[in-house]
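# Report on the structure
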Amino acid sequence: MDKSRILEIIKNKITEKIQSFENLIAETRASNNDTKSSMGDKYETGREMLQQEINNLQRQLNETLNQQALIQKITPEPSSKAQNGALVKTDKGLFYISASVGEITYDNQKIMTVSDESPLVIAMSGLSSGHTFSINNINQTIEEIW
């Protein structure tokens, strides 16, 4: 498995997400400035709702920027145990321990990106090939780690 290529896919996905949030924030701010009405309270309520939406988008953007900072620290070096930066193959699937950006496809294989704070990673943390762990009463065996 080419972990450097997988890492590049994740970085690109995070960058696209950041750009999307920045665009949404800019568009929402623009519509906030365009909101003009002589309706008084209705006008203020609309502006407040738009401001709440901007705050929500800003919070999501900050979380994504934190993911980007985390992913910058990960190297494609091989791992021998389940830890941050490891690509882990279990009998249930492939998991890349990094920033949680959902499912990616590499070389026609689905890889689930998971945070090192996720219950799955906590359950398998520190284990190596051949070890079995259990999460939600489902046993999984680690087959390979890159």
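In the block above lies the structure referred to throughout.
The following refers to the structure shown. For clarity, every value in this text was computed on a predicted model and none was experimentally measured.

The next point concerns the environment of Asn 23. Along the chain, Asn 23 turns up in helix H1 (residues 3–34). Taking the relative accessible area as the measure of exposure, Asn 23 reaches 47% and is therefore partly exposed. With 101 residues separating them in the primary sequence, Asn 23 and Met 124 have C-alpha atoms 38 Å apart.

Note on placement: Lys 110 falls in strand E4 (residues 109–115). On the basis of relative accessible area, Lys 110 is assigned to the exposed category, the value being 57%. It is 8.0 Å that separates the C-alpha atoms of Lys 110 and Gly 93, two residues lying 17 residues apart in sequence.

With that out of the way, let us pick up the pairing of E4. Here five bridges tie strand E2 (residues 93–98) to E4, and the two strands are oriented parallel to one another. Paired with Ile 97 across the bridge in E4 is Val 114. Looking at chain direction, strand E3 (residues 102–106) and E4 are connected through five bridges and run antiparallel. Note on E4: the bridge partner recorded for Gly 102 is Thr 113. Where E3 hands over to E4, the hairpin turn is made up of two residues, of which Asp 107 adopts a positive phi near 55°.

Rules behind the numbers
- Residues numbered from 1 in each chain as written.
- Predicted model: local features only at pLDDT ≥ 70, side-chain atom pairs only at ≥ 80, totals over all residues.
- Heavy atoms only, no water.
- Helix = DSSP H or I, 4+ residues; strand = E, 2+ residues; numbered from the N terminus.
- Buried < 20%, exposed > 50% of the residue type's maximum accessible area, 1.4 Å probe, protein only.
- Pairing = 2+ DSSP bridges.

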